[in-house]
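Single-letter residue listing:
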Amino acid sequence: MELVDAEVITTRPGRNYVLVRLETDVGLVGWGDATLNGREKAVETALRDHVLPELLGKDPRRIEDVWQSVFRHTYWRGGPVLNTALSGVDVALWDLKGKAAEMPVYDLLGGRTREYASVYEHCGGPDAETIVANCEAALDHGIEHLRVNPHGESEEYLDLDAVVNVVRRVREELGREPNLLLDVHGRATPVEAARLARRLEDVGLFFLEDPVRPENPDALETVRGSGTPLAVGELATDPWEQLPLVERELIDFVRADVVHVGGITAADKLAAVAELHHVRTAFHGPSDISPIVLAATVHLDLSLANFGVQELPEYARPSYDREELPLWNPEVHDVFSGGATLVDETGGLDVPDEPGLGVTVDVERAREFEYESQPLPSPRNPDGSVADW
Ligand code: CS2
Ligand code: MG
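Residues numbered from 1 in each chain as written. Chains lettered and ligands numbered in written order. Predicted model: local features only at pLDDT ≥ 70, side-chain atom pairs only at ≥ 80, totals over all residues. Heavy atoms only, no water.

**Digging into the pattern of salt bridges**
Link 1 in the chain: Per the counting criterion, the structure on display carries 25 salt bridges.
Link 2 in the chain: A salt bridge links Lys-41 to Glu-44; the shortest N-O distance between them is 3.3 Å. Taken together, the positions of Lys-41 and Glu-44, both in helix α1 (residues 40-51) and three residues apart, correspond to about one turn of that helix.
Link 3 in the chain: Here Arg-224 ties to Asp-252 by a salt bridge, and the two come within 2.7 Å at their closest N and O atoms. In this pair, Arg-224 sits in the loop between α8 (219-223) and β8 (230-232) while Asp-252 sits in the loop between α9 (243-247) and β9 (253-254), placing the two residues 28 residues apart along the sequence.
Link 4 in the chain: The network of salt bridges with shared partners includes Lys-41, Glu-44, Arg-48 and Asp-49. (Salt bridge = Lys/Arg side-chain N within 4 Å of Asp/Glu carboxyl O. Helix = DSSP H or I, 4+ residues; strand = E, 2+ residues; numbered from the N terminus.)

Right, dumping it as C-alpha cells:
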C-alpha cells in the first residue's frame, strides 16, 4: 500500500480546523486534524509545503517509521507548528490503519479496558450560584466530574481569595460527592500556586490544573506536597516535555493534547511511561479540537489502563433540554459525522465500533467553509503590561 495523495484542508464550520486527508493506492482515505488555535495558517503551510509532499509514495502502514522521519529528519525538532503538523499526519495514519485492518483504533491499541471514558464538563461561571446550577445540570445527566472555574470580567487575572471563596461555596452547596476540578491556566507564580493548593485541601479537588507555566518543571516542586492532586500537560508539544514531571512524580494527571504532543503514537508512549509512575491521564479536550481529535483521544482513553478522566469540549456540551443529546454545534455537524458521543446516563464518551476512528468527513462541505482569522485573547494587567491568558 502507498500514499498517492496527501492534502491539507482548512475549514471553518463554526471555528477554524486544519484537516489532513491521506489517500492510498487502494482507495482508502484517512483523516487527521492539525489545528493549532490561532496559528492555523502556519501549520497549513508546514503541511502543504514541507510535510505532505514527503509522504507521497510511503507505506501508510508504517506509522512508527513515518512518525520518526517527520519528527527527526527536520534536524530542528518539534515545537507547536511542526508537531501539530506531525500529529495530524499520525492521526490520519491510525485512521487508515484501522480501516485497512477493519478494526477500530482502540483495538489496534490493545483493545478496550473500559466501556466508556468518563468526562469532566466545564461548569464555570461568574459566581457560585451559576456554577452550582451548571454543576447540577451536568450531574442530572450522569456527569460526575465538574470543572468549577470562577470567571467574570477579569478572567485573565488570578484573584486567589475570590477563587478559594467561590470553590469552597460550590463544594458546600454540592456536598462531598462530586469530583471538582479547577484550571489556573498557568497564571499563578510557584508560591501563589502552592498556597492555593494548600488552601483548597479541605475542598478535596479531583485536580488542580496548570497551577504554573510549564517551562520550568522545578517550579512544581514548590507546588507539590499539599494534598491537592495536580494535572499538567496541555501545552506540551512533544512527549519529552512531560517526562521530568512524570518521572519525578510531580503530577498526578498527565494532560497530553493528542493534536500537539505528536498524535496517538506519542500520547500512547507518554501514557505508558505515566502508568509506570502511577500517573493517570486527563487528556486535553478543549473547544478548539475537532471531532477527529476528540475521537482519536477517546480511542486512546478506552484502551489505557491508567485512564483518569477526559475533558469534554465546551462546545460539545449536550443540550440538556432535548432527549437526544447532539454533541456538536450544527455547523460542525455539517462537516463531521460519527465520532465520540456521550453515552447517556454514564457521563462518559464512547466511539463507534467501526474501522478506524469512526468519523466521516464531508469533504465537499468542508471546502465550502472558508478560513477566517480568529485572534487569540491578548490580556493586559491593570498597569498595561502583558498578562498570560
Ligand atoms: C484550556 C484550553 O481546556 C483547557 O483546559 O486550558 O481551553 C486552552 O485555553 C485552549 O486549548 C487554548 O487554545
Ligand atoms: Mg487547561
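Continuing now.
**Comments concerning the packing of helix α6 (residues 160-174) against helix α7 (residues 190-199)**
Link 1 in the chain: At a closest axis distance of 11 Å, the pairing of α6 and α7 adopts a crossing angle of 20 degrees. With respect to each other, α6 and α7 are oriented roughly parallel. Between α6 and α7 the crossing geometry is right-handed. On the side of α6, the interface is formed by Leu-160, Asp-161, Val-163, Val-164 and Arg-168, while α7 contributes Glu-192, Leu-196 and Arg-199.
Link 2 in the chain: Taken together, the residues of the contact of α6 with α7 break down into four nonpolar, no polar and four charged. (Axes fitted to C-alpha atoms, helices over the stretch in contact; angles between N-to-C directions. Parallel < 35°, antiparallel > 145°, perpendicular 65-115°, else oblique. Left-handed = near helix turned anticlockwise from the far one by under 90°. Contact = heavy atoms within 4.5 Å. Nonpolar A, V, L, I, M, F, W, Y, C, P; charged D, E, K, R; others polar.)

**Some thoughts on the coordination of the magnesium ion (ligand 2)**
Link 1 in the chain: Distances from the magnesium ion (ligand 2) to its protein donors, namely Asp-183 (OD), Glu-209 (OE) and Glu-234 (OE), fall within the range 2.0 to 2.3 Å.
Link 2 in the chain: Coordination of the magnesium ion (ligand 2) draws on donor residues from a single chain, spaced D-x25-E-x24-E in sequence. In this pair, Asp-183 is assigned in strand β6 (residues 179-183) and Glu-209 in strand β7 (residues 207-209), connecting sequence segments 26 residues apart. Across the pair, exposure class does not vary: Asp-183 and Glu-209 are buried alike. (Donors = N, O, S within 2.8 Å, 3.2 Å for Na, K, Ca; no water. Buried < 20%, exposed > 50% of the residue type's maximum accessible area, 1.4 Å probe, protein only.)

**Some details on helix α3 (residues 79-101)**
Link 1 in the chain: The first and last C-alpha atoms of α3 sit 32 Å apart over 23 residues, in line with the 33 Å expected at 1.5 Å per residue.
Link 2 in the chain: One or two residues past the end of α3 sits Glu-102, with phi positive at roughly 55 degrees. (Expected span 1.5 Å × (residues − 1).)

**Digging into the sheet that holds strand β3 (residues 29-33)**
Link 1 in the chain: Reading across the sheet, the three strands line up as β1-β2-β3 and stay open at both edges, with antiparallel pairing between neighbours. Pairing within the sheet leaves two strands with one partner each, and these edge strands are β1 (3-11) and β3. Sheet twist, expressed as the average angle between the axes of neighbouring strands with direction ignored, equals 20 degrees.
Link 2 in the chain: Two elements, β1 and strand β2 (residues 17-24), share eight bridges in a ladder whose sense is antiparallel. Paired with Val-8 across the bridge in β2 is Val-20.
Link 3 in the chain: α3 rests against β1, β2 and β3 of the sheet, and its axis sits at about 150 degrees to β3. (Pairing = 2+ DSSP bridges.)

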